[in-house]
Amino acid sequence: MRMAAAVQRYYDFDQQAEQLSGFERIYQQLDCGPYAGLFLACQGGEMKIFAERNNRRMSRQGAGPSGTISAVLLLECTGHAISNGLTFTAGDVALVGSGGAYEATCPADTQTVVFTLSLESSVPIQLRHLADRQAGRVRRVNNPELARKLRALAANIVRSWDEASQSVSTPQSVVHGLLLNLLVSPNAVDGSSHTSIQLYWAARDVMLNALGEPLKIPEIARRVGTSRRTLELAFDRCISVSPAKYHKLLRLNNARRLLKSGQHSVSRAAANSGLHHLGRFSSDYRDLFGELPTKTALRARILTTKPD
């Protein structure tokens, strides 16, 4: 069958994150340089397929949309990827159930594909029942043969994109069969319950809820009930970034979002993000995003004051 499809380039990772509808995704940029991404969105009946590329190392967090089952895989990846604190390779597929919380860290120039199936009455009953059991869960399935078949299918779908008709060709029954095989695969590990990911999520929440506070890592560790060393090990496993560096990256990403709103001056955005040395903030911001914060603020003011 043919599915409606659109391809779009993005130079703002927040805008790109919004395109993966229903997943409530939030991106954080983790390495330095201007952002550029490519996004393919396909939709037909109960099925959606998304393919995206990021030119920067990114942290992605979100949750499976209500009433769906999703399969996430790497179409191209040249570095070290992590999914919910577990190493994620080309031989893995992440099964994301309805409401399943996930965190993925992908290196620069990674291309990922997401197959999402709405569990409507038209979906085969066995597939629907097995998918319902995944609600609230994320599992990593290590099955290189199934992953290879899904990658080949995804690559064929991407290649079938027709600019004139704005559509792609998708063998729906093949997708159903592969998802069914994934759901019954014995090579699955729960990726949302181990101690490291729980500690990482708890510490990240503390950081996000107190961005303007001068919190130090030992205090964050105390608030989540662990030692600094254990927290550092959890961050190394889950995102390959130290808690201190990640805390700073969260502050810089937050400052960028405040500046993009057009409602904050550079000094106010920095202070509200816990970055109180303006000279250092401007330098760090330029290193991470490839432009000075004043340029981001000016562009936002132009956009917000532009007449309809």
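Residues numbered from 1 in each chain as written. Predicted model: local features only at pLDDT ≥ 70, side-chain atom pairs only at ≥ 80, totals over all residues. Heavy atoms only, no water.

Student: In this structure, what is going on with the confidence of the model for the protein? I would like to understand it.
Tutor: Parts of the prediction with low pLDDT should not have their coordinates interpreted in detail. For the protein, mean pLDDT is 93; residues scoring 70 or higher make up 98% of the total. Averaged pLDDT values over the elements of the protein bottom out at 79 in strand 14 (residues 188-190) and peak at 97 in helix 8 (residues 243-260). (pLDDT = per-residue confidence, 0-100. Helix = DSSP H or I, 4+ residues; strand = E, 2+ residues; numbered from the N terminus.)

Student: Hey, could you run me through the pattern of salt bridges in this one?
Tutor: Pairing between side chains becomes possible if they bear opposite charge and their charged atoms approach one another. Counted by the stated rule, this structure contains 17 salt bridges. Arg204 serves as the salt-bridge partner of Glu103, at 2.2 Å between the closest nitrogen and oxygen. Here the residue Glu103 occupies a position in strand 10 (residues 101-106), and Arg204 occupies one in helix 5 (residues 195-209), the gap between them amounting to 101 residues. Per residue, the accessibility class of Glu103 equals that of Arg204, and both read buried. For Arg299, the salt bridge identified is with Glu291, shortest N-O distance 2.8 Å. (Salt bridge = Lys/Arg side-chain N within 4 Å of Asp/Glu carboxyl O. Buried < 20%, exposed > 50% of the residue type's maximum accessible area, 1.4 Å probe, protein only.)

Student: What should I look at first to understand the sheet that holds strand 10 in this one?
Tutor: By way of backbone hydrogen bonds, the strands of a sheet pair with one another, either parallel or antiparallel. Overall, antiparallel pairing links the five strands, which are arranged 2-5-10-7-8 in an open sheet. Of all the strands in the sheet, the pair left with one neighbour each is strand 2 (26-29) and strand 8 (86-88). When strand polarity is set aside, the average angle formed by the axes of neighbouring strands in this sheet is 20°. Relative to strand 10, strand 5 (residues 58-63) runs antiparallel, the two being bridged by six bridges. What sits directly across from Arg60, in strand 10, is Ala104. Helix-sheet contacts for helix 8 involve strand 2, strand 5 and strand 10, and the interaxial angle to strand 2 is about 115°. (Pairing = 2+ DSSP bridges. Axes fitted to C-alpha atoms, helices over the stretch in contact; angles between N-to-C directions. Contact = heavy atoms within 4.5 Å.)

Student: For this particular structure, what's the right way to read the packing of helix 5 against helix 8?
Tutor: When two helices pack together, their arrangement is given by the angle between the helix axes and by the axis-to-axis distance. Between helix 5 and helix 8, the shortest axis-to-axis distance is 10 Å and the interhelical angle comes to 45°. When the axis of helix 5 is compared with that of helix 8, the two are oblique. Remark: the crossing between helix 5 and helix 8 carries right-handed chirality. Two secondary-structure elements touch here, helix 5 through Tyr200, Arg204, Met207 and Leu208 and helix 8 through Pro243, Tyr246, His247 and Leu250. Broken down by class, the residue content of the contact of helix 5 with helix 8 amounts to six nonpolar, one polar and one charged. (Parallel < 35°, antiparallel > 145°, perpendicular 65-115°, else oblique. Left-handed = near helix turned anticlockwise from the far one by under 90°. Nonpolar A, V, L, I, M, F, W, Y, C, P; charged D, E, K, R; others polar.)

Student: How should I be thinking about the packing of aromatic side chains in this particular structure?
Tutor: Two descriptors summarise a pair of aromatic rings, namely the distance from one centre to the other and the angle between the planes of the rings. For the coordinates displayed, the defined rule picks out seven aromatic pairs. Considering the side-chain rings of Tyr200 and Tyr246, the 5.8 Å spacing of their centres and the 55° angle between planes classify their relative orientation as tilted. A residue pair is termed long-range when its members are at least 10 positions apart, and Tyr200 in helix 5 and Tyr246 in helix 8 qualify at 46 residues. Side by side, Tyr200 and Tyr246 carry an identical accessibility label, which is buried. Lying over the aromatic face of Phe13, Arg256 brings its terminal NZ or CZ to 4.1 Å of the ring centre. Positioned above the aromatic ring of Phe289, the side-chain terminus of Arg256 is 5.6 Å from the ring centre. (Phe/Tyr/Trp six-rings, centres within 6.5 Å; stacked < 30°, edge-to-face > 60°. Lys NZ or Arg CZ within 6 Å of the ring centre and 35° of its normal.)

Student: Looking at this structure, how should I read the packing of helix 8 against helix 10 (residues 278-289)?
Tutor: Taken N-terminus to C-terminus, the directions of helix 8 and helix 10 make an angle of 90°; their axes are 11 Å apart at the nearest point. Taken together, the axis directions place helix 8 and helix 10 in an arrangement best described as roughly perpendicular. On helix 10, the residues that touch Lys248, Leu249, Leu252, Asn253, Ala255, Arg256 and Leu259 of helix 8 are Phe281, Asp284, Tyr285, Leu288 and Phe289. The residue makeup of the contact of helix 8 with helix 10, split by class, is eight nonpolar, one polar and three charged.

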